[in-house]
Amino acid sequence: MSRPAIAQIRLDAFRHNYQLAKQLHGGKALAVIKANAYGHGAVQCAQAIENEADGFAVACLEEALQLRQAGIKNPILLLEGFFEVAELPEIVANDLWMVIHAQWQVEMLLVATLAKPLHVWLKMDSGMHRVGLSPSEFASTFARLNGHANVAKVVLMSHFANADNLNSQHTTQQIEVFKNTVSSLNSQAYTADFSLANSAAILGWPQTFANWSRPGIMLYGADPHFMANTQLRAVMQLNSQIISIRKITMGESIGYGSIFTAPRDTIVGVVACGYADGYPRAGVEAPAAVDGVITKLIGRVSMDMLFVDLTDIPSAKIGSTVELWGDKVLVNDVAKAAGTIAYELFCNIKRVQFRYSDKQ
Ligand SMILES: *Cc1c(COP(=O)(O)O)cnc(C)c1O
């Protein structure tokens, strides 16, 4: 038998979540599949919704080319646009859309010689202060781009820093900044497309529903508000098996650093999954399910193995299935135990076998 650590990727769940995102938002949606679809497999995820997706968003040209080479014809937005001017001919040749987030990109785009004008998403820094043009330079930059021979269309966008926190005033402030800045463009007879909402906004901030949304994490079934959202379906089912069982008596310790000392006689299951597979080493006491019964990790996660407490699951045996996250064990609960977010857990998964399934 080969190593039983398996990431089952359910493409029907991915499609369901995309449809849900569109329905909640009400407009068009770019499915964000950057970073290999948050570790799920960008080509497989794209193909699962290519007949219905309004478009895809990725981080860079290389990620977009992978999709084009796999036959994906939908619009694809480069979320950071170009990194050097030499990319522009390929961006044109592959019919990609690109974000313009910095003044240096504007200058290079406007002097480039292009075979065709480019479809631009002009990004405003409405308060996150990562990338984007400041509100004060936004209107003048828009005026230079709009109608320029190298520019086919300009969509206006911004991104939220705190949409996952429903108590934060920051999102409301960002919306205000965006609206006020955009209203100064209306005098330039601008009747275009806008895009604000990521997953956290789609799920929590209906006032951000401009006509394009950009859902990412919710497509993979995790609610960025850390809620148990029953409308979303887990896409990745990360499973492995028990490969060894031992009894330790009260007072004995297990694993590296002996960080777990048994408070009672304890049955310990050893599971074939570790931090080299991307399971978080910090996930001490994270939940897991053995043959469908919830228990928790004990001891330190090692490179190839981790421990679960089987004391209250007498039916557990060698070969029992261990769900590390998926339908029963929320990836958000593992993330919480590890002091991180579902995004990072998904992106880190590697070495395990990936198996794809799709129920039409
Ligand atoms: C990654 C990203 C998204 C998707 O965010 P989620 O929180 O995963 O929904 C949307 N917009 C931009 C600009 C991004 O970089």
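Bear in mind the structure is a predicted one, so any value in this text is a computation, not a measurement. (Residues numbered from 1 in each chain as written. Predicted model: local features only at pLDDT ≥ 70, side-chain atom pairs only at ≥ 80, totals over all residues. Heavy atoms only, no water.)

Undergrad: Hey, could you go over the overall build of the chain for me, with residue numbers and the actual values?
TA: When helices and strands are counted, the chain shows 11 helices and 18 strands. Within the span of the chain, comprising 360 residues, buried residues form 55% of the whole. Once local pairs closer than 6 in sequence are excluded, the contacts in the chain between residues at least 24 apart make up 65%. Carbon and sulfur atoms form 52% of the exposed surface of the chain, whose accessible area is close to 15300 Å². Distance between charge centres in the chain, computed from 29 positive and 31 negative side chains, equals 4 Å. (Helix = DSSP H or I, 4+ residues; strand = E, 2+ residues; numbered from the N terminus. Buried < 20%, exposed > 50% of the residue type's maximum accessible area, 1.4 Å probe, protein only. Contact = heavy atoms within 4.5 Å. Areas by Shrake-Rupley, 256 points an atom, 1.4 Å probe, with all protein chains shown as cover. Lys, Arg positive; Asp, Glu negative; His and termini not counted. Charge placed at Lys NZ, Arg CZ, Asp CG, Glu CD.)

Undergrad: Tell me about helix H6 (residues 103–111), and name the residues and values.
TA: Along H6, the residues classified as buried are Gln105, Val106, Leu109 and Leu110. Axial view of H6: buried residues confined to an arc of 125°, hence all on one face. For H6, the secondary structure elements touched by its buried residues are strand E5 (97–100), strand E6 (118–124), helix H7 (135–145) and strand E7 (151–158). (Arc of directions from axis to C-beta.)

Undergrad: Residue-level account of the domain arrangement of the chain, with values.
TA: Segmenting the chain into domains produces domain 1 (11–220) and domain 2 (236–357). The centre of domain 1, based on its C-alpha atoms, is set 37 Å off from the matching centre of domain 2. Across the boundary between the two partners, domain 1 contributes 10 residues, which contact eight residues of domain 2. Buried area between domain 1 and domain 2, summed over both chains or domains, comes out near 860 Å², and the portion from carbon and sulfur atoms is 65%. The largest contributions to the domain 1 side of the interface with domain 2 come from Tyr38, His40 and Ile217, which together make up 53% of the buried area. The interface formed by domain 1 and domain 2 contains zero salt bridges. At the boundary of domain 1 with domain 2, the tally comes to two residue pairs in polar contact (both at pLDDT 80 or more). (Domains from an automatic or database assignment. Buried area = accessible area lost by both parts, 1.4 Å probe. Salt bridge = Lys/Arg side-chain N within 4 Å of Asp/Glu carboxyl O. Polar contact = N/O pair within 3.5 Å; in protein donor to acceptor, adjacent residues only side chain to side chain.)

Undergrad: Please set out the pairing of strand E14 (residues 287–290) residue by residue, giving values where relevant.
TA: Taking every second residue as pointing to the same face, both faces of E14 are buried, with Pro287 and Ala289 on one and Ala288 and Val290 on the other. Two elements, E14 and strand E15 (residues 293–298), share four bridges in a ladder whose sense is antiparallel. Bridging from a neighbouring strand, Val290 pairs with Val293 of E15. Bridging between E14 and strand E17 (residues 321–325) involves two bridges; their strand directions are antiparallel. From the neighbouring strand, Val290 faces E17, where its bridge partner is Val322. (Pairing = 2+ DSSP bridges.)

Undergrad: Tell me about the nonpolar core, residues and numbers included.
TA: Judged by nonpolar contacts, the single largest core of 112 residues is most densely connected at Tyr279, Trp325 and Phe346. Each of two domains, domain 1 (11–220) and domain 2 (236–357), supplies a minimum of three residues to this core. Other than its neighbours up to four places away in sequence, Tyr279 contacts Cys273, Gly274, Ala286, Pro287, Leu297, Val301, Leu306, Leu324, Trp325, Val334 and Ile349. Counting residues in each nonpolar core, the second largest holds eight residues, with Ile248, Ala262, Val268 and Ile298 among its members. (Core = buried A, V, L, I, M, F, W, Y, C linked by side-chain atoms within 4.5 Å.)

Undergrad: Before we move on, can you summarise the side chain of His101 with the specific residues and values?
TA: Tracing the backbone shows His101 in the loop between E5 and H6. When residues no more than four places from it in sequence are discounted, the contact partners of His101 are Glu80, Lys123, Val131, Gly132 and Leu133.

Undergrad: I'd love a proper account of the site of the ligand, names of residues and values included.
TA: As a structural note, the neighbourhood of the ligand is formed by 13 residues, with Lys34, Tyr38, Ser199, Ile217 and Tyr343 the closest of them. In this structure, a nitrogen atom belonging to the ligand sits 2.9 Å away from a side-chain N or O atom of Arg214. Coverage of the ligand by the protein chains reaches 93% of its 390 Å² of free accessible surface. For the shell around the ligand, the class distribution of residues is six nonpolar, four polar and three charged. (Near = heavy atom within 4 Å. Nonpolar A, V, L, I, M, F, W, Y, C, P; charged D, E, K, R; others polar.)

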